Amino acid sequence: MAPPYFDIPPAGYGGIEAVLADLSNALVAAGHRVTLVAAGRDGTRADFRPVLPAAVPERLGEPGPEIIYAAQARRVVEQLAAEDAIDLVHDHTFAGPLNAPAYAKLGLPTVATVHGPVNSELRDYYRALGADLPLIAISNRQRALAPELHWIDTVHNGLDPADWPFQLMKGDYALFLGRFSPDKGAHTAVTAAHEAGLPIILAGKCNEPPERRYFAEQVEPLLGPGTACSAPPTRRPSASCSPTPAACCSRCSGRSRSAW
């Protein structure tokens, strides 16, 4: 069960979706029958059941699409159960786990992978679900921050080595690649690069108001003279960057004022 916001695999931003693509393909290669319940296009080796005809990246961060999508996805799972096509539900969404009791009545166990930090609100959410929902962590640190939750295992996000070829010769810079959010730590990366005396590239998603606010308040003040950009640069400008609807990126020359 995938979130509704990006295709699988994603064309750009979409960490969860990238993990789901690799996981689906690897399970199929291992001989398992996998059905991917998602939005958008069919892009993996798994059987595909679309909930929505297109992904809705512009709705990311809104509560409505999550709830509506979960209700629609439940009907897809009910149809799969009627076809005797599935044995369990592995949910990677936020609202989807609320369907776990309904799936249990169909004889389908549900497990959910928690892809983000378990902050105060999410901790209360998963605590309320209790034994209805076994949880999979993506790191031991994540489990340690909320040890009372119904964790059953830790499964680190995997990578296909073919997609990340080893490079013996490295560039003379640090790289931050990720969503601009306090928990991702771009500001910490800036400070680290500054202390190490390294130039840095910052590249990541900066669409939502909280992301843009975080960048403006905590990241941009650490950078040098600014220049706007919408994708990682192919050559090194001696600059920081302002957030654009697509992405933020920056490469500072000399002693970096941003981070690793």
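Residues numbered from 1 in each chain as written. Predicted model: local features only at pLDDT ≥ 70, side-chain atom pairs only at ≥ 80, totals over all residues. Heavy atoms only, no water.

A.B. asks: I tried to follow the overall build of the chain on my own but got confused; where do I start?
C.D. replies: Along its length, the chain carries seven helices and nine strands. Burial status across the chain gives 43% buried among its 260 residues. Relative to all contacts within the chain whose residues are 6 or more apart in sequence, the contacts with residues 24 or more apart total 56%. (Helix = DSSP H or I, 4+ residues; strand = E, 2+ residues; numbered from the N terminus. Buried < 20%, exposed > 50% of the residue type's maximum accessible area, 1.4 Å probe, protein only. Contact = heavy atoms within 4.5 Å.)

A.B. asks: Just to check I follow, could you spell out the layout of surface pockets for this structure?
C.D. replies: Put simply, the second largest pocket is a space of about 590 Å³. Every residue lining the second largest pocket is counted, 21 residues in all, and those nearest its centre are R33, V34, T35, L88 and H90. Breaking the lining of the second largest pocket down by element, the ones donating at least two residues are α1 (15-29), β1 (35-39), α2 (63-82) and β3 (89-91). By residue number, the principal contributor to the lining of the second largest pocket is α1, which donates four residues. Here the residues of the lining of the second largest pocket are counted per class, giving 13 nonpolar, five polar and three charged. (1 Å grid on protein atoms, 1.4 Å probe; cavity = no way out; pocket = protein on both sides within 12 Å on 5 of 7 lines; lining within 4 Å. Points joined across faces, edges and corners; volume = space filled by probe spheres on them. Nonpolar A, V, L, I, M, F, W, Y, C, P; charged D, E, K, R; others polar.)

A.B. asks: Just to check I follow, could you spell out helix α4 (residues 120-129) for this structure?
C.D. replies: Residues lying three or four places apart along an α-helix face the same way, a consequence of the helix completing one turn every 3.6 residues. Residues of α4 that are buried: Y125, Y126 and L129. Burial along α4 is one-sided: seen end-on, the buried residues are contained in an arc of 85 degrees. Residues S120 and A128 are exposed on α4 and point more than 90 degrees away from its buried face. The elements touched by buried residues of α4 are β5 (135-137). G130 sits one or two positions beyond α4 and adopts a positive phi of about 55 degrees. (Arc of directions from axis to C-beta.)

A.B. asks: Is there a simple way to think about the sheet that holds strand β4 (residues 110-113) in this case?
C.D. replies: By way of backbone hydrogen bonds, the strands of a sheet pair with one another, either parallel or antiparallel. Strand order across the open sheet formed by four strands is β3-β4-β5-β6, with parallel pairing between neighbours. Either end of the sheet is taken by a strand with one partner, and the two such strands are β3 and β6 (151-154). Going from strand to strand, the sheet's axes swing by 25 degrees on average, the running direction of each strand aside. Pairing of β4 with β5, which is carried by two bridges, proceeds in the parallel orientation. The residue bridging T113 from the neighbouring strand is I136, located in β5. (Pairing = 2+ DSSP bridges. Axes fitted to C-alpha atoms, helices over the stretch in contact; angles between N-to-C directions.)

A.B. asks: I'm lost on the environment of A2 in this one. Help?
C.D. replies: Within the fold, A2 resides in the segment before α1. Judged by its relative accessible area of 0%, A2 falls in the buried class. Placed 92 residues apart in sequence, A2 and F94 show a C-alpha to C-alpha distance of 9.6 Å. Each residue touching A2, except ones within four places of it in the same chain, is listed here: I8, L20, L36, V37, A38, Y69 and T93.

A.B. asks: Can you walk me through the environment of D42 in this structure?
C.D. replies: Within the element layout of this structure, D42 appears in the loop between β1 and β2 (47-52). Relative accessible area serves as the criterion here: at 49%, D42 is assigned to the partly exposed category. Sequence-wise, D42 and I8 are 34 residues apart; in three dimensions their C-alpha atoms are separated by 7.3 Å.

A.B. asks: Looking at this model, I keep getting lost on the pattern of salt bridges. Mind explaining?
C.D. replies: Inspection of the entire model under this criterion finds eleven salt bridges. Close ionic contact of D7 with R41 constitutes a salt bridge, the shortest N to O distance being 3.5 Å. Pair noted here: D7 is in the segment before α1 and R41 is in the loop between β1 and β2, with a separation of 34 residues, a long-range link. D7 gets classed as partly exposed once you look at its relative accessible area, which sits at 24%. The residue R33 makes a salt bridge to D47 at a minimum N-O spacing of 3.4 Å. Linking R33 in the loop between α1 and β1 with D47 in strand β2, this pair joins segments that are 14 residues apart in sequence. Using a relative accessible area of 35% as the deciding quantity, one classes D47 as partly exposed. Linked by salt bridges that have partners in common, R123, D124, R127 and E148 make up one network. (Salt bridge = Lys/Arg side-chain N within 4 Å of Asp/Glu carboxyl O.)

A.B. asks: Please clarify how unusual backbone geometry should be interpreted in this entry.
C.D. replies: Backbone geometry follows two general trends: most residues other than glycine have a negative phi, and most peptide bonds adopt the trans configuration. Following I8, the chain continues into P9 via a peptide bond in cis, with omega recorded as -5 degrees. Here P9 lies in the segment before α1. Even without glycine at this site, D84 takes up a positive phi of about 55 degrees. Locating D84 in the fold gives a position in the loop between α2 and β3. For D84, a relative accessible area of 64% corresponds to the exposed category.

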